[in-house]
Amino acid sequence: DPMIVCADADLDRAARGAVWGAFQNSGQTCMSVERVYVERSVADAFIDRVIVETGNIRQDDGSTGGGDIGSMTFGPQLDIVEQHLADAVDKGARIIVGGRRQERDGLWFDPTVLVDVDHSMDVMTEETFGPVLAIMVVDDAEEALRRANDSRYGLNSSVWTTDRQLGESLANRLHAGNVCINDCI
């Protein structure tokens, strides 16, 4: 489920949307944000905001009721998350937030943000279905669209821009069952 962040997007809103869309329910939502394509001119600023928003997530086991997200629900899926991350790192990706299973009872995995990803990596071409957000820097919105459509999956997608015409143009060309503009899920 791709997310396209255009150069003119409201980056604060887009970062909040990416983090909420990727990590709510620990990323175990069929329409969660799996991969982000962000234009190079705003990539650093967007990634910085994603790091801050991810750092604000509180995980709780339910005993205090103070958490934003809980644990994963299926042990074999946690193994897939770890496999996808290992594959990405082996191929040059960098984990900039999270990236590890927590040492406590349950299936807890840190909300994780990856950069320097590409389509040779499972995290960009397969469904990770966990608390992982992969961010790929692209030259422009058209490259983002090509990359977003380079997938056998296509349930949900989003476009983030302040230009209504651009948003509608990209949305109309995304190969997905659902497309949101300046929102996700």
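In what follows, the accompanying structure is described. On a predicted model such as this, the values are computed, not experimentally measured, just so you know.

Inspection of the secondary structure assignment puts Gly21 in helix α1 (residues 11-23). Note on Gly21: relative accessible area 0%, which makes it buried. As for Gly21 and Met3, which are separated by 18 residues in sequence, their C-alpha atoms are 9.5 Å apart. In contact with Gly21, not counting residues within four places along its chain, are Ser32, Val33, Cys184 and Ile185.

Counting residues in each nonpolar core, the largest one holds 27 residues, and the members touching the most others are Val5, Val36, Phe46, Leu133 and Ile135. Contributing elements (two or more residues each) for this core: β1 (2-5), α1, β2 (35-39), α2 (40-55), β4 (112-115) and β5 (132-138). Counting residues per element, this core draws most heavily on α1, at seven residues. Beyond its immediate stretch of four places on either side in the chain, Ile135 contacts Val36, Val38, Phe46, Ile47, Val50, Val113, Leu114, Val115, Asp116 and Val117.

In sheet architecture, strand pairing relies on hydrogen bonds along the backbone and comes in two forms, parallel and antiparallel. One open sheet holds the seven strands; their spatial order is β3-β4-β5-β2-β1-β6-β7, and the pairing between them is mixed. Where the open sheet ends on each side, the last strands, each with one partner, are β3 (94-97) and β7 (178-181). For this sheet, the mean inter-axis angle between neighbouring strands, taken without regard to orientation, is 25 degrees. Inspection of the sheet shows β1 paired to β2 by four bridges, in the parallel sense.

This part takes up the state of the cysteines. Here the structure, examined in full by the defined rule, presents zero disulfides. We note that Cys30 lacks a disulfide partner, and the nearest cysteine sulfur, in Cys184, lies 15 Å from it. There is no disulfide at Cys184, and the cysteine sulfur nearest it, in Cys180, is 6.9 Å away. For Cys184, a relative accessible area of 4% translates into the label buried.

Each value, and the rule that gives it
- Residues numbered from 1 in each chain as written.
- Predicted model: local features only at pLDDT ≥ 70, side-chain atom pairs only at ≥ 80, totals over all residues.
- Heavy atoms only, no water.
- Helix = DSSP H or I, 4+ residues; strand = E, 2+ residues; numbered from the N terminus.
- Buried < 20%, exposed > 50% of the residue type's maximum accessible area, 1.4 Å probe, protein only.
- Contact = heavy atoms within 4.5 Å.
- Core = buried A, V, L, I, M, F, W, Y, C linked by side-chain atoms within 4.5 Å.
- Pairing = 2+ DSSP bridges.
- Axes fitted to C-alpha atoms, helices over the stretch in contact; angles between N-to-C directions.
- Disulfide = S-S within 2.5 Å.

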